Amino acid sequence: MRKTLLLSLSVALGTLTMSGCNSRKSFEPKETSSASAAITVTGKKEVSIVRDGVTFSDGTFLTRSGFSSIHLHKGFHYVTQSGNRILAADDTGEFLVIDRKSGKTIHKGKLDFPLVSAALRGNTIYYISQDDVFGVYSIPAKKTKISAKVGRAYAVDARIANPLYLHGVLIVPTLDGKLLIINPANPRAARGMAIGDSYNLNNVIFLTHLGNRIIAATPKKLISAAPGAMHKFDAPIADVAISGNTIYALTGDGRVVKLSPSLKVLAQKKFPYAQFTTIGVVGGKVYALDRSGALIVMDPSLKKSRIYDIGEVEDFAFIAGSKLYVDDKVVDLKKLSY
């Protein structure tokens with residue numbers, strides 16, 4: 001399934017040419033600036049790509065905060081972290097809880113199917129496994145205490161979002177486009193919120209909150225949910241970024257869209273034929289990357305822009321802190337402006 005997930009990620013990011021789309025036009029900016037002064041090379045090869053991290057063949061891994069100083073065991077990839085603990089998993093169902101400072105394994109467990117999304121809360125792991133099963137695993141008891149099939153998903157985007165803890169409840173994204181609302185004190189009494197109704201590429205790829213609003217995206221739409229209110233932005237979603245109370249979304253038709261917390265469109269700019277991969281907001285600037293390697297740097301209003309050529313995206317693009325990681329390249333975003 002790991003290969004399936006990676007393939008689905010590549011399709012979602014536009015890094016593979018789909019059957020019947022060989023003649024699709026690509027984004028061709030009239031003018032680009034050189035980004036060579038902002039680029040260094042890592043020499044690393046990725047083996048796993050998830051929403052919140054990239055694991056490399058040498059056991060090192062990258063999170064939204066940057067590179068970790070520890071190495072994972074061979075065959076294991078980064079899933080999530082909480083406090084001083086890291087959760088890693090392999091393709092057979094085994095998982096490890098690792099001390100973030102020493103790198104030592106403090107717990108080893110095994111599930112029937114590989115773990116793909118999880119949250120560590122105290123001595124409990126809340127997870128979604130590859131077969132779209134929600135589970136509650138007790139570390140002291142060394143076993144799964146609750147396990148329930150929550151849906152069907154035939155194809156997923158590998159950027160599977162991890163659960164979100166908000167105001168005393170846990171928001172768990174499933175692989176078939178639902179959000180489970182769970183009280184950790186009584187996880188059997190879970191409620192569900194459906195975002196989509198497809199079995200293919202419908203899993204949640206982005207999940208966060210703005211105040212008491214849940215902001216979530218699947219590859220097909222973006223939602224903003226608050227008590228008594230639900231707003232939707234229907235469009236193919238490539239990626240999402242948050243800056244303050246502003247939401248920036250990349251769409252499948254080549255738009256960079258600025259939205260309010262209630263998903264009102266505040267501004268947008270279209271780049272014809274762009275196949276966007278990732279977006280980030282760093283130092284008051286909006287960065288949007290096209291798979292061709294065109295990195296568009298914009299002001300927050302999307303009125304000013306400059307385009308840099310950083311080279312084609314072959315496998316992945318990931319923003320951590322003020323750096324953009326693209327395959328074996330690192331781009332210092334602070335050195336690029338509009």
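Here, the structure is the one placed above.
Now for a description of the structure that goes with this document. Numbers given to residues run from 1 along each chain, matching the order in which its sequence is written. The model is predicted, so local features are restricted to residues of pLDDT at least 70 and side-chain atom pairs to those at 80 or more, both for listing and for counting; the totals for chains, interfaces and linings are taken over all residues. No hydrogens and no water enter the side-chain calculation; it runs on all heavy atoms of the structure.

1. Side note on the overall build of the protein
Counting secondary structure elements, the protein contains 1 helix and 33 strands. Against the compact-globule benchmark of 20 Å for 338 residues, the protein has a radius of gyration of 19 Å, which places it among compact chains. Along the three orthogonal principal directions, the C-alpha set of the protein runs to about 60 × 45 × 40 Å. Looking at the protein residue by residue over its 338 residues, the buried ones come to 55%. A contact between two residues is defined here by any heavy atoms of the two lying within 4.5 Å. By sequence separation, contacts in the protein at least 24 residues apart represent 43% of the contacts at least 6 residues apart. Residue exposure ignores everything except the shown protein chains as possible cover, and the areas themselves are Shrake-Rupley values with a 1.4 Å probe. Element-wise, carbon and sulfur atoms account for 48% of the exposed surface of the protein, whose accessible area totals about 14,800 Å². Considering the protein, the positive charge centre built from 44 side chains and the negative charge centre built from 27 side chains are found 7 Å apart. Starting at the N terminus, helices and strands are each numbered in turn, a helix being any DSSP run of H or I of at least four residues and a strand any DSSP run of E of at least two. Radius of gyration here is computed from C-alpha atoms only, and the compact-globule reference equals 2.2 Å multiplied by the residue count raised to the power 0.38. Exposure is judged per residue with a 1.4 Å probe applied to protein chains only, and the accessible area is read against the type maximum: over 50% gives exposed, under 20% gives buried, and values in between give partly exposed. Residues scored as positive are Lys and Arg, those scored as negative are Asp and Glu, and His as well as the terminal groups of each chain are ignored. Charge positions come from single atoms, namely NZ of Lys, CZ of Arg, CG of Asp or CD of Glu.

2. Comments concerning the sheet that holds strand β25 (residues 255-259)
Here we have 4 strands laid out as an open sheet, ordered β23-β24-β25-β26, and antiparallel in their pairing. Every interior strand has two partners, whereas the edge strands, β23 (237-243) and β26 (265-270), have only one. Going across the sheet, the axis of each strand differs from the next one's by a mean of 15°, ignoring polarity. A pair of strands is labelled paired if DSSP reports no fewer than 2 bridges between them. Here 4 bridges tie strand β24 (residues 246-251) to β25, and the two strands are oriented antiparallel to one another. In the sheet register, Ile-247 faces β25, and the bridge partner there is Leu-259. Simply put, an axis is a line fit to the C-alpha atoms, just over the touching stretch for a helix, and the angle between two N-to-C directions goes from 0 to 180 degrees.

3. Some points on the pattern of salt bridges
Any Lys or Arg side-chain nitrogen located within 4 Å of an Asp or Glu carboxyl oxygen qualifies as a salt bridge. Within the structure shown, the criterion is met by 10 salt bridges. Residues Arg-51 and Asp-239 are paired through a salt bridge, measuring 3.1 Å at the closest nitrogen-oxygen approach. Placement of the pair is Arg-51 in the loop between β3 (46-50) and β4 (53-56) and Asp-239 in strand β23, with a sequence separation of 188 residues. Like Arg-51, the residue Asp-239 is buried in the burial classification.

4. A word on the sheet that holds strand β10 (residues 105-110)
One open sheet holds the 4 strands; their spatial order is β7-β8-β9-β10, and the pairing between them is antiparallel. Looking at which strands have only one partner, the edges of the open sheet turn out to be β7 (77-82) and β10. Neighbour to neighbour, the strand axes of the sheet diverge by 20° on average, direction disregarded. Sheet analysis places strand β8 (residues 85-89) next to strand β9 (residues 94-99), joined by 5 bridges and oriented antiparallel.

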